[in-house]
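Report on the structure
Chain by chain, the residues run as shown.
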Amino acid sequence: MNLFTLFHSHVLAVIDGLVASGTLPAGLKTAAVTVEPPRDPSHGDISTNAAMVLAKAAGMKPRDLADHIAAGLKAVDGVTAVEIAGPGFINLRVAFGLWADVLRHALRSGTGFGDSDIGQGVKVNVEYVSANPTGPMHVGHARGACVGDALANLLAKAGFDVAKEYYINDAGAQVDVLARALRARYLVACGAITQDEFDRQLAAKEIQYGGEYLVETAEVLKARDGERWVNAPEEEWIPALREFGIAEMMKMIREDLDLLGVRHDVFTSELGMVQSGEVVRAKELLDSKGLLYVGVLEPPKGKTPDDWEPRPQTLFKATDFGDDVDRPLMKSDGSWTYFASDIAYHGDKYRRGFTQMIDVLGADHGGYVKRMQAAVRALSDHQAELDVKLCQLVKLLENGEPVKMSKRAGTFVTLREVVERVGKDVVRFIMLSRKNDMALEFDYAKVTEQSKDNPVFYVQYAYARIQSVKRHFVAAMPGTDLSAAALAGADLSLLADSDEQALVKLIACWPRLVEAAAEVHEPHRIAFALTEVAGAFHALWNKGRENADLRFLIADNPALSLARLALLEGVATVIASGLDVLGVVPVEEM
RNA sequence: GUUCCCGUAGCUCAGCAGGAUAGAGCACCGGAUUCCUAAUCCGGGGGCCGUGGGUUCGAAUCCCGCCGGGAACACCA
């Protein structure tokens, strides 16, 4: 239930009526007509730009057209006043009862409040995390995980048919590197080489992924296979240890994601794409469209790599689809590039019925966006669209001081470490407390601080405070039915204070906000909105401190108390509904 | 050199797919506190929205140029 959607249709109906009566010409384009809350509340409850947008096509002055539309809107049920302002805005005031209806609806809907059908069941694939299976996840991955998960939840709430997906990069050179690192740890575990020798190899960069996490993996391997890989030839242990290592790393990654409360619906293997022939199939598809050719790429301008040499390669005509240069599908040794298997993967998504795809990636993948979008357009004949959300880095701070991290030395801060220290709900909220393409500061001290400056606390505190009021109510007026259904039956017309009414209206804007956030793929808006709602609630609470008449519980006025409690329950409902999108659990008591 | 992101109050950031006088928090200044949780509260000052053009009835928002900051730039993933 979205009051603005409702009035949007009222406005369009009035315009249709004006067309029917000959006041307006037929065939007007009404797509630009918006119905929204005015920024300044003194302008009314609902505002539309219809007259300004349609004036030219109608051959009328905006304010004259506004007069006609306004006349029609005056007749709409619940409209108490219509004003024409500024260059031709039509401002409506509606009976408080309409807003109260939305509040009642919220109470009956619970966390389902704000659910929408704008997605119309369209299939959307959200791919996120997709960390290489070569080690534990670090804080950077956590951001992508939280953004992707919240975005997927948001789209599901807005009525899309969403799949949460993880792409396992298990086919490239890096998993061979993993196999080598695991083998070295394994040799140490078997006593075949000394720890000193291992350290020397690591220092000499003969092996990478030197983190301690492989020590245990090597032990597990030894327990399973004994010493059979110590003297086995490389062509045997590489695939065996690679497979084992990937499986162990994925197990670890899934455990970490689980700690964060992130659960993907689908895990797709790059290796599987290659082995099942999907990559060849994708190549043939592009070939059949005439989009492949063998050519030599220009060296990058300005900065030619030292080892650059002209090489004929199989290239995809990405430039036909908006990219800057054509992109190679095969390496000079004839093996597939990562891009090739990713094309196959996205082609596979399209075949599975996804016409909307979203990839959540680290900002360092920025150069990859255009080519992948080009590939999706090419594969789907422009039927599918790919949106890429790039996440800027997370700066970990300890009381304002940057936490030193060196991935090379294997001393990066893991996702697990952060989650175990501050809790998953804090991580999930904070990761959404900034737009995805802005750098984010994550200060251990600040994110757990119990103060107004900490948005997680601020929002949770609002929810907990409301629960506290309910407990007081029960104590003061035992036996009162405080179920959502009972509260929905309260006489909401008793909410007479301007701030109370403003809060009701803010609650009523929630469905509209969810829809807007879903449409632009911006889950952070949910976090910001919750902070705003919590702020309005806290302000009302404080007003009651100065003016006892405005407290929520008025001992000798149960009806008023119940109405106010309904309002608070509405606030709690919005918070619960929003936290649900973020994957955060509301707290009952603090 | 090319591409992408960013530039809004002293600081950290919002800005609702172009709307009416640009918002919040911190900091600063001035007040308040026997009260449902002081885990503070109320009020105030403060901004040619980087810059120059363009589109429009109307631009922080869209387009182009420039300036400044970050990132990525043949076969890595």
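Relevant structure appears above.
Our subject in this report is the structure included herewith. Since the structure is predicted, the reported quantities are computational estimates derived from the model, not experimental observations.

Describing the overall build of chain A
Counting its secondary structure elements, chain A contains 22 helices and 15 strands. Taking the principal axes of the C-alpha coordinates as reference, chain A spans close to 85 × 65 × 40 Å. Looking at the 590 residues of chain A, the share that counts as buried comes to 50%. Sequence-distant contacts in chain A: of pairs separated by 6 or more residues, those separated by 24 or more amount to 73%. With an accessible surface of roughly 26900 Å², chain A has 51% of that area assigned to carbon and sulfur atoms. Charged side chains of chain A number 63 positive and 81 negative; the gap between the two group centres comes to 3 Å.

Some words on the sheet that holds strand β8 (residues 292-296)
Hydrogen bonding along the main chain pairs the strands of a sheet, whether they run parallel or antiparallel. Spatially, 3 strands are ordered β8-β9-β10 in an open sheet, and the strand pairing comes out antiparallel. Every interior strand has two partners, whereas the edge strands, β8 and β10 (327-328), have only one.

Description of the packing of aromatic side chains
The tally for this structure, following the rule as stated, stands at 13 aromatic pairs. For the pair Y167 and Y345, a centre-to-centre distance of 4.0 Å together with 5° between the ring planes defines the contact as stacked. Here Y345 lies in helix α12 (residues 338-351) and Y167 lies in strand β6 (residues 161-168), a separation of 178 residues in the sequence. Taking the relative accessible area as the measure of exposure, Y345 reaches 0% and is therefore buried. Put simply, the rings of Y167, F316, F321, Y338, F339, Y345 and Y368 pair up and form one aromatic cluster. The ring centre of W541 lies 4.0 Å from the NZ or CZ of R465, which sits over that ring. Here R512 stacks its cationic end above the ring of F4, 5.4 Å away from the centre of that ring.

Points about the packing of helix α6 (residues 173-189) against helix α9 (residues 234-260)
Here α6 crosses α9 at 95°, and the two axes come no closer than 8 Å. Viewed along their axes, α6 and α9 adopt a mutual orientation that is roughly perpendicular. From α6, V175, D176, L178, A179, R180, L182 and R183 reach across to α9, where they touch E234, W237, I238, L241, R242, F244, G245, I246 and M249. Classifying every residue of the contact of α6 with α9 gives 10 nonpolar, 1 polar and 5 charged.

Some remarks on the pattern of salt bridges
Considering all chains together, one arrives at 36 salt bridges under this definition. In this structure, the salt-bridge partner of E36 is R512, at a minimum N-O distance of 4.0 Å. Of this pair, E36 sits in strand β1 (residues 35-36) while R512 sits in helix α20 (residues 510-519); the two residues are 476 residues apart in sequence, bridging distant segments of the chain. The partner of D499 in a salt bridge is K543, with the nearest N and O atoms 3.0 Å apart. Placement of the pair is D499 in helix α19 (residues 498-508) and K543 in helix α21 (residues 524-546), with a sequence separation of 44 residues. Judged by relative accessible area, K543 falls into the partly exposed class, the value being 26%. One salt-bridge network, held together by shared partners, links E165, E278, R281, D348, R351 and R352.

Focus on the protein's contact with RNA strand B
Close to RNA strand B lie 67 residues, the nearest being R39, K56, F89, R311 and K331. Take the atoms of RNA strand B that sit within 4 Å of the protein: sugar and phosphate atoms are 55% of them. Here a phosphate oxygen of RNA strand B and a side-chain polar atom of S468 are 3.0 Å apart. Contributing elements (two or more residues each) for the surface near RNA strand B: α2 (50-58), β4 (89-94), α6, α13 (369-380), α17 (455-476), α20 and α21. Counting residues per element, the surface near RNA strand B draws most heavily on α21, which supplies 7 residues. For the surface near RNA strand B, a count of residues per class yields 24 nonpolar, 20 polar and 23 charged.

A look at the nonpolar core
In terms of nonpolar packing, the biggest core is built from 157 residues, with F7, I69, F442 and L582 touching the most fellow members. With 14 residues, the top contributor of residues to this core is helix α22 (residues 558-582). Non-local contacts of L582, meaning those with residues more than four positions away in its chain, are made with A150, R428, F429, L432, P523, I526, A527 and L530. Of all hydrophobic cores here, the second largest spans 29 residues; its members include L329, V369, A375 and L386.

Examining the sheet that holds strand β2 (residues 46-48)
Taken together, the 4 strands give an open sheet; going across it, the order is β1-β2-β4-β3, and neighbouring strands pair in antiparallel fashion. Across the chains shown, the open sheet's two edge strands, defined by having one partner strand only, are β1 and β3 (79-85). Sheet analysis places β2 next to β4, joined by 3 bridges and oriented antiparallel. Bridge assignment links I46 to a residue of β4, and that residue is L92.

Reading the values: rules and limits
Residues numbered from 1 in each chain as written. Chains lettered and ligands numbered in written order. Predicted model: local features only at pLDDT ≥ 70, side-chain atom pairs only at ≥ 80, totals over all residues. Heavy atoms only, no water. Helix = DSSP H or I, 4+ residues; strand = E, 2+ residues; numbered from the N terminus. Buried < 20%, exposed > 50% of the residue type's maximum accessible area, 1.4 Å probe, protein only. Contact = heavy atoms within 4.5 Å. Areas by Shrake-Rupley, 256 points an atom, 1.4 Å probe, with all protein chains shown as cover. Lys, Arg positive; Asp, Glu negative; His and termini not counted. Charge placed at Lys NZ, Arg CZ, Asp CG, Glu CD. Pairing = 2+ DSSP bridges. Phe/Tyr/Trp six-rings, centres within 6.5 Å; stacked < 30°, edge-to-face > 60°. Lys NZ or Arg CZ within 6 Å of the ring centre and 35° of its normal. Axes fitted to C-alpha atoms, helices over the stretch in contact; angles between N-to-C directions. Parallel < 35°, antiparallel > 145°, perpendicular 65-115°, else oblique. Nonpolar A, V, L, I, M, F, W, Y, C, P; charged D, E, K, R; others polar. Salt bridge = Lys/Arg side-chain N within 4 Å of Asp/Glu carboxyl O. Near = heavy atom within 4 Å. Polar contact = N/O pair within 3.5 Å; in protein donor to acceptor, adjacent residues only side chain to side chain. Core = buried A, V, L, I, M, F, W, Y, C linked by side-chain atoms within 4.5 Å.

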